[in-house]
Amino acid sequence: GPTSIHNLFGRVNFYRDILVSELADSNPCIHVMGYSLGGLLAYALVQSLENTKLCCASLCLVDPTPLSNSEANQNQGASWSAALGRMISFVQHF
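Quantities reported herein were computed from a predicted structural model and do not represent experimental measurements.

Draft legend 1. Quick peek at the state of the cysteines. Under the counting rule described, the total for this entry stands at one disulfide. Here C29 engages in a disulfide with C55; their sulfurs sit 2.3 Å apart. In this structure the cystine formed by C29 and C55 twists about its S-S bond by roughly 100°; its chirality is therefore right-handed. With C29 in strand 1 (residues 29–35) and C55 in strand 2 (residues 55–62), this pair connects stretches of sequence that are 26 residues apart. Residue class for C29 comes out partly exposed when judged on its relative accessible area of 36%. Residue C55 is classed as partly exposed on the basis of its relative accessible area, which comes to 30%.

Draft legend 2. Highlighting the pairing of strand 1. Taking every second residue as pointing to the same face, the buried face of strand 1 carries I30, V32 and G34, while none of C29, H31, M33 and Y35 on the other face is buried. As paired elements, strand 1 and strand 2 share seven bridges and run parallel to each other. When the sheet's bridge partners are listed, M33 is paired in strand 2 with C60. In terms of handedness, the path from strand 1 via helix 2 (residues 37–48) over to strand 2 forms a crossover that is right-handed.

Draft legend 3. The nonpolar core, seen in detail. Counting residues in hydrophobic clusters, the biggest one holds 14 residues, and the most contacted among them are V32, C56 and L59. Looking at this core, the elements that each hand over two or more residues are strand 1, helix 2 and strand 2. Among the elements that take part in this core, helix 2 stands out by supplying six residues, more than any other.

Draft legend 4. Fine view of helix 2. When the terminal C-alpha atoms of helix 2 are compared, their 17 Å separation across 12 residues agrees well with the 16 Å that a helix rising 1.5 Å per residue should span. Inspection of helix 2 places G39, L41, A42, Y43, A44, L45, V46 and S48 among the buried residues, and these make up the whole buried set.

Draft legend 5. Here's a closer look at a nonpolar patch on the surface. Nonpolar side chains collect at one region of the surface, where F14, Y15 and I18 lie side by side and expose about 240 Å² of accessible area between them. Mapped onto the elements of the fold, I18 is located in helix 1 (residues 8–23).

Draft legend 6. Local environment of the side chain of S48. Position of S48 relative to the elements: it lies in helix 2. From its side chain, S48 meets the backbone oxygen of L45 in a polar contact 2.7 Å long. Setting aside its immediate chain neighbours within four residues, S48 contacts V12 and R16.

Draft legend 7. How the structure looks around the environment of I30. Mapped onto the elements of the fold, I30 is located in strand 1. For the pair I30 and C56, spaced 26 residues apart in the sequence, the C-alpha separation amounts to 5.0 Å.

Each value, and the rule that gives it
- Residues numbered from 1 in each chain as written.
- Predicted model: local features only at pLDDT ≥ 70, side-chain atom pairs only at ≥ 80, totals over all residues.
- Heavy atoms only, no water.
- Disulfide = S-S within 2.5 Å.
- Helix = DSSP H or I, 4+ residues; strand = E, 2+ residues; numbered from the N terminus.
- Buried < 20%, exposed > 50% of the residue type's maximum accessible area, 1.4 Å probe, protein only.
- Pairing = 2+ DSSP bridges.
- Right-handed = clockwise from strand over helix to strand, strands pointing away.
- Core = buried A, V, L, I, M, F, W, Y, C linked by side-chain atoms within 4.5 Å.
- Expected span 1.5 Å × (residues − 1).
- Patch = residues over 30% accessible without salt bridge, like charges linked within 9 Å, V, L, I, M, F, W, Y side chains within 5 Å.
- Areas by Shrake-Rupley, 256 points an atom, 1.4 Å probe, with all protein chains shown as cover.
- Salt bridge = Lys/Arg side-chain N within 4 Å of Asp/Glu carboxyl O.
- Polar contact = N/O pair within 3.5 Å; in protein donor to acceptor, adjacent residues only side chain to side chain.
- Contact = heavy atoms within 4.5 Å.

And the structure:
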């Protein structure tokens, strides 16, 4: 039956395993793109490739921070801002 994935890191590991099994021997460098919440997924996926046969040739993040100005979401916004800062720092290494 289909695999049930309940969290971001489970999804990252699932995608990483598929990419490694399908591409590692024929195309070891990949380009990764993430849009909106997928930006966080793409970033985590690239980090998870560190000890595999795949490398990331480029990482493109499009609108990776769905922030809200409402008071109720200020803590969530700070968390997203911190995550974006880590993403930018990581991407600068390419």
